[in-house]
Amino acid sequence: MIDLYAWNTPNGRKISVALEEMALPYRVKPVDITQGQQHEPDFLAISPNNRIPAIVDPEGPDGAAISVFESGAILLYLAEKTGRFLPEDRRTRVAALEWLMWQMGGFGPMPGQVHHFLGVAEKDRAYGLTRYLNETRRLYGVLDRRLAQVAYVAGPLSIADFAILGWVWRHERHQVDLANYPMVERWYRDLMDRPAVARGFAVPLS
Ligand SMILES: N[C@@H](CCC(=O)N[C@@H](CS)C(=O)NCC(=O)O)C(=O)O
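Residues numbered from 1 in each chain as written. Predicted model: local features only at pLDDT ≥ 70, side-chain atom pairs only at ≥ 80, totals over all residues. Heavy atoms only, no water.

Labelled according to an unreviewed UniProt entry, the protein chain appears under the name Glutathione S-transferase N-terminal domain-containing protein, originating from Methylobacterium longum. Annotation of the protein chain in UniProt includes, under Sequence similarities (unreviewed entry), the sentence "Belongs to the GST superfamily." (UniProt positions renumbered as here; feature names shortened; annotations may be inferred.)

What follows is the structure, given as structure tokens:
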């Protein structure tokens, strides 16, 4: 049974969705990041960057327990463990890695800054909010153009879709209207209709 250390956030949801899609048994260990639990020594031992998500798999690659932090690394670990959602074909695998890295490097940090600046006093936020809203909308445009060519970002459904989905799930919070990105909207509805994805968003993480 894998322990999932998470909270009800985009990065936490990526992993509950992936665990459900991979049909891996898991148990949620909520880490209340609003109360500073991400700084507690026990959690730091498995997540040295004091961020959720993290997992502990009692059956690691060599049979011994392993902990993994950083959501992209967790998704890759789970995909390799199960042999699912990371294409074998090398060309398609490159696409999955590209879009996973695209999410980790931009389509998360940028909308995350929008969430931050929305919480800042109006007099202090104009520059930051405009900058990160523009960048977030640019990234939605990039995704929309990609999804005009393929059903899922790498072609077949992959962990890169789960990574991106965690953030699109919060589109209203970062003030993005999916009607402006019809291919993203089609992809989003398609994924949200999957029973395992629905379970991944329904499982309590807090
Ligand atoms: N690059 C990290 C980012 C993780 C991250 O930012 N997690 C947030 C919640 S979505 C967190 O733990 N925040 C707690 C804090 O800022 O102290 C990943 O993808 O795992």
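Alright, that's what it looks like, and here's the rest.
K.L.:
Explanation requested: the sheet that holds strand E3 (residues 54-57) in the structure shown.
P.N.:
Across a sheet, paired strands are connected by hydrogen bonds in the backbone, their directions being either parallel or antiparallel. Reading across the sheet, the 4 strands line up as E2-E1-E3-E4 and stay open at both edges, with mixed pairing between neighbours. Strands with a single pairing partner mark the edges of an open sheet, and in this sheet they are strand E2 (26-30) and strand E4 (66-69). Averaged over neighbouring strand pairs, the angle between their axes works out to 20 degrees when direction is ignored. Taken together, the 4 bridges between E3 and E4 define a ladder with antiparallel strand orientation. Residue Ile 55 lies in a different strand from E4, and its bridge partner there is Val 68. Helix-sheet contacts for helix H1 (residues 10-21) involve strand E1 (2-6), E2 and E3, and the interaxial angle to E1 is about 155 degrees. On top of the sheet, helix H3 (residues 71-82) reaches E1, E3 and E4; it is set at about 135 degrees to E4, its chief contact. (Pairing = 2+ DSSP bridges. Helix = DSSP H or I, 4+ residues; strand = E, 2+ residues; numbered from the N terminus. Axes fitted to C-alpha atoms, helices over the stretch in contact; angles between N-to-C directions. Contact = heavy atoms within 4.5 Å.)

K.L.:
What is the right way to look at the domain arrangement of the protein chain in this model?
P.N.:
Quite often, the size of an interface is put as the accessible area lost when its parts meet. Annotation of the protein chain at the domain level lists domain 1 (2-85 + 197-202) and domain 2 (90-194). Computed over C-alpha atoms, the centres of domain 1 and domain 2 are 21 Å apart. Contact residues are listed per partner, giving 21 residues for domain 1 and 18 residues for domain 2. Taking both partners together, domain 1 and domain 2 bury about 1600 Å²; carbon and sulfur atoms supply 73% of that area. (Domains from an automatic or database assignment. Buried area = accessible area lost by both parts, 1.4 Å probe.)

K.L.:
I keep staring at the layout of surface pockets and nothing clicks. Help me out?
P.N.:
It is the rolling of a water-molecule-sized probe over the atoms that shows where space remains empty. Roughly 650 Å³ of internal volume is contained in the largest pocket. Elements with a contribution of two residues or more to the lining of the largest pocket: H1, helix H4 (90-105) and helix H5 (109-118). Broken down by class, the residue content of the lining of the largest pocket amounts to 8 nonpolar, 13 polar and 5 charged. Residues from two domains meet in the lining of the largest pocket; each of domain 1 (2-85 + 197-202) and domain 2 (90-194) gives at least three. (1 Å grid on protein atoms, 1.4 Å probe; cavity = no way out; pocket = protein on both sides within 12 Å on 5 of 7 lines; lining within 4 Å. Points joined across faces, edges and corners; volume = space filled by probe spheres on them. Nonpolar A, V, L, I, M, F, W, Y, C, P; charged D, E, K, R; others polar.)

K.L.:
Looking at this structure, I do not really get the packing of aromatic side chains. What am I missing?
P.N.:
The relative placement of two aromatic rings is captured by the distance of their centres and the angle of their planes. On inspection of all chains with the given rule, the structure shows 8 aromatic pairs. When the centroid spacing of 5.4 Å and the interplanar angle of 45 degrees are considered together, the rings of Tyr 140 and Tyr 181 count as tilted. With Tyr 140 in helix H6 (residues 122-147) and Tyr 181 in the loop between helix H7 (159-168) and helix H8 (182-192), the pair connects residues that are 41 residues apart, well separated along the chain. Looking at Tyr 181, the relative accessible area reads 11%, which means it is buried. Through a chain of ring-to-ring contacts, the aromatic side chains of Trp 99, Trp 102, Phe 107, Tyr 140 and Tyr 181 assemble into a single cluster. Geometry around Trp 169 places Arg 170 over its ring, the cationic atom sitting 4.0 Å from the centre. (Phe/Tyr/Trp six-rings, centres within 6.5 Å; stacked < 30°, edge-to-face > 60°. Buried < 20%, exposed > 50% of the residue type's maximum accessible area, 1.4 Å probe, protein only. Lys NZ or Arg CZ within 6 Å of the ring centre and 35° of its normal.)

K.L.:
Help me understand the UniProt feature "domain: GST N-terminal" (unreviewed entry) in the protein chain in this model?
P.N.:
Mapped onto this structure's residue numbering, the UniProt feature "domain: GST N-terminal" (unreviewed entry) falls at residues 1-86. Summarising residues 1-86: 33% helix, 21% strand, and an end-to-end C-alpha distance of 22 Å.

K.L.:
Could you clarify how one ought to interpret helix H9 (residues 195-202) in this entry?
P.N.:
Helical periodicity: at 3.6 residues per turn, an α-helix aligns residues three or four positions apart in one direction. Among the residues of H9, those classed as buried are Ala 196, Val 197, Gly 200 and Phe 201. Seen along its axis, H9 keeps its buried residues to an arc of 135 degrees; they face one direction. Across from the buried face of H9, at angles greater than 90 degrees, the exposed residues are Pro 195 and Ala 202. Contacts from the buried residues of H9 go to H1, H7 and H8. (Arc of directions from axis to C-beta.)

K.L.:
Just checking my understanding: could you explain the UniProt feature "domain: GST C-terminal" (unreviewed entry) in the protein chain for this structure?
P.N.:
Residues annotated in UniProt with the feature "domain: GST C-terminal" (unreviewed entry) correspond here to residues 89-206. Between the end C-alpha atoms of residues 89-206 the distance is 38 Å, and the span holds 69% helix and 0% strand.

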